[in-house]
Amino acid sequence: AFATACTRFNPNHKQTMNKQDTLNIIWTSQEIIDHAKDGMGIDLSVEDARKTLRLLERKHDSEVGINWHSITCAIEEIISIKYKQWKIQYAKQVN
């Protein structure tokens, strides 16, 4: 309730909150890279891991949070986007 009240009434609530009143859960690019390799058999670059983190940040469902399943889906989406971009570039080079 404290965080909601601060957010609602104070646009600078993050500066006014005490550390005891917040929770930060951190996922690192290395965790994303390790999951891609160990759990999916994919060698992911640091750049793609960072894109995955940003995608998770933008699209995560706050009711579910960020979990290994959502990370897997985000990695798959980043790989799919990268493949489509590569396919377009390749087609331009061939033609």
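Structural data are supplied above this passage.
An account of the accompanying structure is given in this report. Here the structure is a predicted model, which is why all the values come from computation and not from measurement. Per chain, residues are indexed from 1 in the order of the written sequence. Selection of residues for local features in this predicted model requires a pLDDT of at least 70, selection of side-chain atom pairs for listing and counting requires 80 or more, and totals for whole chains, interfaces and linings are taken over all residues. To obtain the side-chain values, all non-hydrogen atoms of the structure were used and water was disregarded.

## Topic: the overall build of the protein chain
Here is the rule: Runs of H or I in DSSP of at least four residues are treated as helices and runs of E of at least two as strands, each being numbered from the N terminus. When a residue's accessible area, from a 1.4 Å probe over protein chains only, is under 20% of the maximum for its type it is buried; when over 50% it is exposed; and in between it is partly exposed. We call two residues contacting when some pair of their heavy atoms lies within 4.5 Å. Only the protein chains shown count as cover for residues, and all accessible areas are computed by the Shrake-Rupley method using a 1.4 Å probe.
The helix and strand inventory of the protein chain stands at five helices and zero strands. Mapped from its N terminus to its C terminus, the protein chain presents α and β elements in the order α-α-α-α-α. Evaluated residue by residue, the protein chain yields a buried proportion of 20% over its 95 residues. Residue pairs in contact within the protein chain that sit at least 24 positions apart in sequence constitute 45% of those at least 6 positions apart. Element-wise, carbon and sulfur atoms account for 53% of the exposed surface of the protein chain, whose accessible area totals about 7700 Å².

## Observations concerning the pattern of salt bridges
This is how it is decided: In the sections that follow, a salt bridge refers to a side-chain nitrogen of Lys or Arg positioned within 4 Å of a carboxyl oxygen of Asp or Glu.
One pass over the structure, following the stated rule, counts five salt bridges. One salt bridge connects Asp43 with Lys37, and the closest N-O pair in it is separated by 2.9 Å. By relative accessible area, which is 65% here, Asp43 ends up exposed. In this structure, Lys59 and Glu77 form a salt bridge, with 3.2 Å as the shortest nitrogen-oxygen distance. Of this pair, Lys59 sits in helix 4 (residues 46–59) while Glu77 sits in helix 5 (residues 68–94), and the two are 18 residues apart along the sequence.

## Some remarks on the environment of Ser45
Filter applied, for reference: Counting of polar contacts relies on pairs of N or O atoms within 3.5 Å, with two restrictions inside protein: one atom must be capable of donating a hydrogen and the other of accepting it, and residues adjacent in sequence are counted only when both atoms are side-chain atoms.
Mapped onto the elements, Ser45 comes out in the loop between helix 3 (29–40) and helix 4. Relative accessible area serves as the criterion here: at 30%, Ser45 is assigned to the partly exposed category. For Ser45 and Ser29, which are 16 residues apart along the polypeptide, the C-alpha to C-alpha distance reads 9.2 Å. Not counting residues up to four positions away in its chain, the partners in contact with Ser45 are Ile33 and Lys82. Within the structure, the side chain of Ser45 is placed 3.0 Å from the backbone nitrogen of Asp48, a separation counted as a polar contact.

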